[in-house]
Amino acid sequence: MTALTPDYSESALGFECAGERLLGILSRPLRPAATAVVIIVGGPQYRVGSHRQFLLLARALAATGHAVLRFDYRGMGDSDGAVRSFEEVDADIGAAIGALTAACPEVRSVVLWGLCDGASAALMYWLRQRDARVRGLCLLNPWVRSEHGLARVRLRHYYGDRLLQPNFWSKLLRGRTNLAASVAELVRNWRLARAARAAEVDQTESFRSLMAAGFRAFDGEILMILSGCDGTAQEFLDCAKSDPQWAGLLQRPRLTRLDLPDADHTFTVPAARSAVEEATRAWIVRLAAPVDGT
């Protein structure tokens, strides 16, 4: 079934991946631009996204002329197959790009748009596949989670803020906060953060290492959007500052960065969601201009 608006249509798009059937929703403008978007979902989500985030983004971009495909990995939503981690979806992403370009012959290149571990998957896909169809990467709050990294974030960004909150002291004085448990948690996080270098897994094989290598190797444009009220974004920034593999990458010439200080992880507030949509749209227009103008 196809839903039609004055500017674009929406229809289910089924396609094959390693012998299994995947399902996506294609938002197709009446006259698609040469650069399209593939939305890579993050976390245990399907193609609609938290509070309809991916659906609304796809419609906003399609209304301005860019075809968008949002799809379910194998094992998620309405797609067949077994559930797999974000480190194992190269075939799914490649199949989605192929399905989009086949459905829209006008499309000559794509942007991979990924939130959380969807951003991580996009970087690893590029590193391992070097897909010439990928012209740009849009990365939102990339996932670099480790036990030690999370401990560092809590020490740097949580405990200090907590001590400045009157509500914390009020609960403490009224006996509603377990001081011993809070201190024990603080000590545990301090020990984890201090032992990070000794106890981390071999970074040469970790997904964080692959992400950094993909970021460094990618020769196209990157849009990075980071939320100010999000532990995942804070952990990514801490990793980028402290891990030698990320040295200098956030200063690369072809990187556009947008920080949204009041946004949460999935840009729940409408103003934050709109800012993401507009930043993505404007960046794609600048990115696509040389191609679309030929």
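Refer to the structure above for everything that follows.
Fair warning: this is a prediction, and the values are worked out from it, not measured in the lab.

Chemist: Could you give me a rundown of unusual backbone geometry, with the residues and numbers involved?
Modeler: One non-glycine residue, Cys116, adopts positive backbone phi at about 60°. When you line up the elements, Cys116 lands in the loop between strand S6 (109-115) and helix H3 (117-129). The buried category is assigned to Cys116, whose relative accessible area is 9%. A positive phi angle, close to 55°, is found at Phe267, a residue other than glycine. Within the element layout of this structure, Phe267 appears in the loop between strand S9 (255-260) and helix H10 (270-292). By relative accessible area, which is 0% here, Phe267 ends up buried.

Chemist: Tell me about the nonpolar core, residues and numbers included.
Modeler: Counting residues in hydrophobic clusters, the biggest one holds 78 residues, and the most contacted among them are Leu112, Trp113, Phe215 and Trp246. Sorting elements by how many residues they give to this core places H3 first, with seven residues.

Chemist: Quick rundown of the pairing of strand S8 (residues 221-227)? Include the residues and the values.
Modeler: Burial analysis of S8 places six of its seven residues in the buried class, the great majority of the element. Both strand S7 (residues 134-140) and S8 contribute to a ladder of five bridges, which runs parallel. In the strand pairing of S8, Leu140 is matched with Ile225. With six bridges joining them, S8 and S9 adopt parallel strand pairing. Counted as the bridge partner of Leu223 is Thr256 from S9. Remark: the S8/helix H9 (residues 231-242)/S9 crossover connection has right-handed handedness.

Chemist: Could you give me a rundown of the packing of H3 against helix H8 (residues 207-217), with the residues and numbers involved?
Modeler: Between H3 and H8, the least distance of the axes is 8 Å, while the angle of their chain directions is 65°. Here H3 is positioned roughly perpendicular relative to H8, judged by the angle of their axes. Our pair here, H3 against H8, has a crossing hand that is left-handed. Contacts between H3 and H8 involve Ser120, Leu123, Met124, Trp126, Leu127 and Arg128 from the former and Phe207, Leu210, Met211, Ala213, Gly214, Phe215 and Ala217 from the latter.

Chemist: An account of the pattern of salt bridges is needed here, citing residue identities and associated values.
Modeler: If charged atoms from side chains of opposite charge come close, those side chains can pair. Taken as a whole, this structure holds 14 salt bridges when the rule is applied. Measuring nitrogen to oxygen at the nearest pair gives 2.8 Å for the salt bridge that ties Asp90 to Arg128. You can see Asp90 sitting in helix H2 (residues 90-103) and its partner Arg128 sitting in helix H3, a full 38 residues away along the chain. When salt bridges with common partners are traced through the structure, they connect Glu10, Arg59 and Arg70 into a single cluster.

Chemist: Could you give me a rundown of the packing of aromatic side chains, with the residues and numbers involved?
Modeler: As enumerated under the stated definition, the model contains seven aromatic pairs in all. Centroid distance Phe54 to Trp113: 5.9 Å. Interplanar angle 80°. Geometry classified as edge-to-face. Remark: Trp113 occurs in strand S6 and Phe54 occurs in helix H1 (residues 53-62); sequence separation between them is 59 residues. Look at Trp113 and you get buried, because its relative accessible area is 0%. Measuring from ring centre to ring centre gives 5.2 Å for Phe86 and Phe207, while their planes differ by 85°; the resulting arrangement is edge-to-face. Residue Phe86 is found in the loop between strand S5 (68-71) and H2, and its partner Phe207 is found in helix H8; the two are separated by 121 residues along the sequence. Accessibility assignment for this pair places Phe86 and Phe207 in one class, buried. Members of the aromatic cluster, connected to one another through ring pairs, are Phe15, Phe71 and Tyr73. Geometry around Phe207 places Arg208 over its ring, the cationic atom sitting 5.1 Å from the centre.

The rules behind each value
Residues numbered from 1 in each chain as written. Predicted model: local features only at pLDDT ≥ 70, side-chain atom pairs only at ≥ 80, totals over all residues. Heavy atoms only, no water. Helix = DSSP H or I, 4+ residues; strand = E, 2+ residues; numbered from the N terminus. Buried < 20%, exposed > 50% of the residue type's maximum accessible area, 1.4 Å probe, protein only. Core = buried A, V, L, I, M, F, W, Y, C linked by side-chain atoms within 4.5 Å. Pairing = 2+ DSSP bridges. Right-handed = clockwise from strand over helix to strand, strands pointing away. Axes fitted to C-alpha atoms, helices over the stretch in contact; angles between N-to-C directions. Parallel < 35°, antiparallel > 145°, perpendicular 65-115°, else oblique. Left-handed = near helix turned anticlockwise from the far one by under 90°. Contact = heavy atoms within 4.5 Å. Salt bridge = Lys/Arg side-chain N within 4 Å of Asp/Glu carboxyl O. Phe/Tyr/Trp six-rings, centres within 6.5 Å; stacked < 30°, edge-to-face > 60°. Lys NZ or Arg CZ within 6 Å of the ring centre and 35° of its normal.

What is shown is where atoms sit, not what they do.
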